[in-house]
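What follows is the residue order along each chain.
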Amino acid sequence: MQDIRLLRKSLETKKIGVLELVTDLLQKFETNHLGAVLCVNKEESFRQATEAQKKIDAGISEPLLGIPCAHKDVFVTKKWRTTAGSRMLANYLSPFDATVVKRIAESGAVCLGKSSCDEFAMGSANQNCAFGPCLNPWDKKAIPGGSSGGSAALVGAGHVSFATGTDTGGSIRQPAAMCGVTGIKPTYGLVSRWGIIAYASSLDQAGPIANSAYDCGMILNAMAGFDPRDSTSQRTESVDYCALMNTNKEKIVRKPLEDMVLGIPSEYSKAIHSQDVALAFQESIQTYEKLGATVKDVSLPHANHSVAAYYVIAPAEASSNLSRFDGVKFGFRNSRADTLDDLYFNTRSEGFGEEVKRRILVGTFVLSHGYYDAYYNQASKVRRLVLSDFKSAFEGCDFLLSPSSPVLAWELDAQPDFGINFKAPEGVPKEYLADLFTVGASLAGLPAISVPCGFGRGQFARRPIGLQIIGPHFSEQRLLKVADIFQTETGWHTMKPSNIA
Ligand code: GLN
C-alpha cells in the first residue's frame, strides 16, 4: 500500500476510484488468512466510499479523504460489532461511535472493518483473542505482537493505509515494531478515550498505526483534541503534527539534527536480549549520529521495577473496569443460572478467557484490604519514581532511544525465549517481561513512537525490528520530526512483505 499522500494523489487524479480500491481491499481481507479482521460491514464501507468519491469529484481535498482504514476492535462502532476480542461481547453492537471513530469518519477516511486484538487488550502477542490468533504478515509462523496485532498486521500486509490502536503498556509500539510499520502512542490525554472499551483507564491511550511517521502525523491531526466526554482529555492548543516534517524529501539538510541530544537509557540497553535487536539498535544510533545528533547514555534508575509496577496497576484497574461484565447489563449471559450469584459466576467463567481471569484475580487481590498497601500503593509509588526518572533524563536530552522490544517476534503458540538461564517468576507469563521497554512511557504518560529499523538475520530475516523514541509530554510534533528524519535517511519503513523474497 502506498503512503497516504501518494494514494491521495492517485485518488485525486482519478488513477483509481475509492469504490474500486475498497472492493479490492475487502477482497484481500477475505483471502489473507491472517486472522487480522474480526468484523466487516461491506454495505457501510461501500457507503462511506461512495460519499468520499462524491466529495473528490466535487473537488474537495482533505488529507484523509477516501483513505482506507480499520479500527482496533476495542473502539465501539455503531455499524460494526465490537467484541474487544472477547466472547463476553461476541454480539455486541454499540449505540454510538467512539470519538476517535467519529473524528476519523469525519476526516473522510473509509472504514473497512474491525481488527483483531488480545481480549480486552490484554497481551503482547495477539494470541489471547477469543476468536483465534492473528498471524504476522511477514512470517506466518510468528506472532504479530499485541495487543493491537490485527491493526499492525493489516497495515503491514498493505490491506489498509492505517489502523487505530490502543496502547496501555506498549500495544501500539510493540506490534508496530513486529509488523514493520510505524505506530505512535500519544501523551496520555491527547486523544479521547470516549468509546474505547476500558482496560486500565489511567494508562489507556489511542493512536495511529501506519506506514510512516508522516502518515501518523496526518492521522493524529484527525484523532487528537479535547473531548468534553473524556474527563482526562487535555485542553491543548490545536497543533499541526505534520508541520515540522520534511515535506521536500529530496533536499534534506546534511546534519538536520545538529542541535539534538538523544539519550540511551542504560537500563534498557543492558536488557536487550536478542543479538539481532542489539545490532539494529546500534545501527540506528549510528544513523542519528550521522544526522548530527549528540548521543549519550542516561539512566532511568527505576526502570527495572516498571514491569512489576505495571502488572499490579493495570490489573487493578482492569478488575474494576471489567466488573461491568456481569451478564445483567449487556453482552454475554449464561442462561442456565438459577440464582443471581450463579448468573455472575457462570457468565464470567464462560465469557472471559484465561488471561483476563488471571488479571481480574491479580487486580482484585492487590486492591483487597490487607494487601492494598503492600502491592497497589507500592506500585503507585514506583510509578511516581518512574515518572521522575524520565523528567530528570529529559533535563539532559531531548528524546530517549531504545528498541521497542528486547526480543524479535516469537513463534506462534509459544512464549518469548529469554534463554535457558532465565526463569520467570512462578505463574508469570514470560511475555510480560517483553514489555520492559514500553511500559515505562505508559506509566509516565509520555508519547513514544516505534519506527522500523531493520530485521533479524538468518532464519529470522522476516522478523522486523522497531526503534522506540520516547519524548517529553506533548512533544509529538518534534517526536514525529525526529522519526521522519530517520525514515527519510534509512527507508526501512518502505519495506513490505510482498517485495522481499
Ligand atoms: N502487554 C501489555 C499488557 O498485556 C500491554 C497491553 C496494552 O498496551 N494494551 O498489559
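Just so it is clear, the structure is predicted and the values come from calculations on it, not from any experiment. (Residues numbered from 1 in each chain as written. Predicted model: local features only at pLDDT ≥ 70, side-chain atom pairs only at ≥ 80, totals over all residues. Heavy atoms only, no water.)

## Quick look at the overall build of the protein
Phase 1: Within the protein, the secondary structure is distributed over 15 helices and 11 strands.
Phase 2: Along the first, second and third principal axes, the C-alpha set of the protein runs to 70 × 55 × 45 Å.
Phase 3: Contacts in the protein between residues at least 24 apart in sequence constitute 77% of all its contacts with a sequence separation of at least 6.
Phase 4: By element, 52% of the accessible surface of the protein is carried by carbon and sulfur atoms, the whole surface being about 19900 Å².
Phase 5: Charge centroids of the protein, computed over 52 positive and 52 negative side chains, lie 2 Å from each other. (Helix = DSSP H or I, 4+ residues; strand = E, 2+ residues; numbered from the N terminus. Contact = heavy atoms within 4.5 Å. Areas by Shrake-Rupley, 256 points an atom, 1.4 Å probe, with all protein chains shown as cover. Lys, Arg positive; Asp, Glu negative; His and termini not counted. Charge placed at Lys NZ, Arg CZ, Asp CG, Glu CD.)

## Quick notes on the site of the ligand
Phase 1: Not every one of the 15 residues close to the ligand is listed here, only the nearest: T168, G169, S171, Y199 and Y310.
Phase 2: Partitioned by chemical class, the residues of the shell around the ligand number 5 nonpolar, 7 polar and 3 charged. (Near = heavy atom within 4 Å. Nonpolar A, V, L, I, M, F, W, Y, C, P; charged D, E, K, R; others polar.)

## Structural notes on the side chain of D73
Phase 1: Along the chain, D73 turns up in the loop between strand 2 (68–72) and helix 4 (99–106).
Phase 2: Look at D73 and you get buried, because its relative accessible area is 0%.
Phase 3: One polar contact links D73 to T83, side chain to side chain, over a distance of 2.6 Å.
Phase 4: Those residues in contact with D73 that sit more than four places away from it in its chain are L38, R81, T82, T83, A84, K114, S115 and C117. (Buried < 20%, exposed > 50% of the residue type's maximum accessible area, 1.4 Å probe, protein only. Polar contact = N/O pair within 3.5 Å; in protein donor to acceptor, adjacent residues only side chain to side chain.)

## Digging into helix 10 (residues 306–321)
Phase 1: For helix 10, built from 16 residues, the straight-helix expectation of 22 Å at 1.5 Å per residue is met to within 8% by its first-to-last C-alpha distance of 22 Å.
Phase 2: Along helix 10, 14 of the 16 residues are buried, which leaves the element largely enclosed by surrounding structure. (Expected span 1.5 Å × (residues − 1).)

## Brief notes about the nonpolar core
One recurring pattern in soluble globular proteins: nonpolar side chains tend to sit buried together.
Phase 1: In terms of nonpolar packing, the biggest core is built from 141 residues, with F120, F162, Y288, F390 and I469 touching the most fellow members.
Phase 2: The dominant element in this core, judged by the number of residues it contributes, is helix 10, at 9 residues. (Core = buried A, V, L, I, M, F, W, Y, C linked by side-chain atoms within 4.5 Å.)

## Here we look at the pairing of strand 10 (residues 448–455)
Phase 1: Counted residue by residue, strand 10 has 8 buried out of 8 residues, so it is predominantly covered.
Phase 2: Inspection of the sheet shows strand 5 (residues 182–185) paired to strand 10 by 3 bridges, in the antiparallel sense. Looking at the pairing, I184 lines up with I449 of strand 10.
Phase 3: Bridge analysis of strand 10 against strand 11 (residues 464–470) gives 7 bridges, and the strand direction is antiparallel. Bridge pairing in strand 11 places F455 opposite P464. (Pairing = 2+ DSSP bridges.)

## Side note on the packing of aromatic side chains
Phase 1: For the structure shown, the criterion picks out 17 aromatic pairs.
Phase 2: A ring pair is formed by F390 and F394, whose centres lie 6.5 Å apart and whose planes are at 20 degrees; its orientation type is stacked. Here F390 and its partner F394 are both found in helix 13 (residues 373–396), 4 residues apart, which amounts to about one turn of the helix. Considered together, F390 and F394 belong to a single accessibility category, that of buried residues.
Phase 3: Taken together, Y92, F120, F325, F330 and F352 form an aromatic cluster joined through their ring pairs. (Phe/Tyr/Trp six-rings, centres within 6.5 Å; stacked < 30°, edge-to-face > 60°.)

## Some details on the sheet that holds strand 4 (residues 162–167)
Phase 1: Overall, mixed pairing links the 11 strands, which are arranged 1-3-2-4-6-5-10-11-9-7-8 in an open sheet. Two strands lie at the open edges of the sheet, namely strand 1 (37–39) and strand 8 (294–298), each paired on one side alone. When strand polarity is set aside, the average angle formed by the axes of neighbouring strands in this sheet is 35 degrees.
Phase 2: Note that strand 7 (residues 261–265) and strand 9 (residues 399–403) share 2 bridges and pair parallel. Looking across to strand 9, one finds that L262 is bridged to F399. (Axes fitted to C-alpha atoms, helices over the stretch in contact; angles between N-to-C directions.)

## Quick look at the pattern of salt bridges
Phase 1: Inspection of every chain in the model, using the stated rule, returns 20 salt bridges.
Phase 2: Here K290 and E489 are joined by a salt bridge, their closest N and O atoms 3.0 Å apart. Here K290, found in helix 9 (residues 275–290), pairs with E489, found in helix 15 (residues 476–490); they are 199 residues apart in sequence, far enough to count as distant.
Phase 3: Accessibility expressed as a relative area gives 55% for K290, which makes it exposed.
Phase 4: Residues E355 and R359 are paired through a salt bridge, measuring 2.8 Å at the closest nitrogen-oxygen approach. Of this pair, E355 and R359 both sit in helix 12 (residues 354–367), 4 residues apart, which is roughly one turn of that helix.
Phase 5: Owing to a relative accessible area of 1%, R359 belongs among the buried residues under this scheme.
Phase 6: Overlapping salt bridges bring together D139, K141, E411 and R463 as one network. (Salt bridge = Lys/Arg side-chain N within 4 Å of Asp/Glu carboxyl O.)

## Some thoughts on the side chain of T168
Phase 1: Following the sequence through the fold, T168 ends up in the loop between strand 4 and helix 6 (173–178).
Phase 2: T168 gets classed as buried once you look at its relative accessible area, which sits at 2%.
Phase 3: At 2.7 Å, the side chain of T168 forms a polar contact with the side chain of D204.
Phase 4: Once residues within four sequence positions are removed from consideration, T168 is found in contact with Y199, A200, L203, D204, Y310 and S442.

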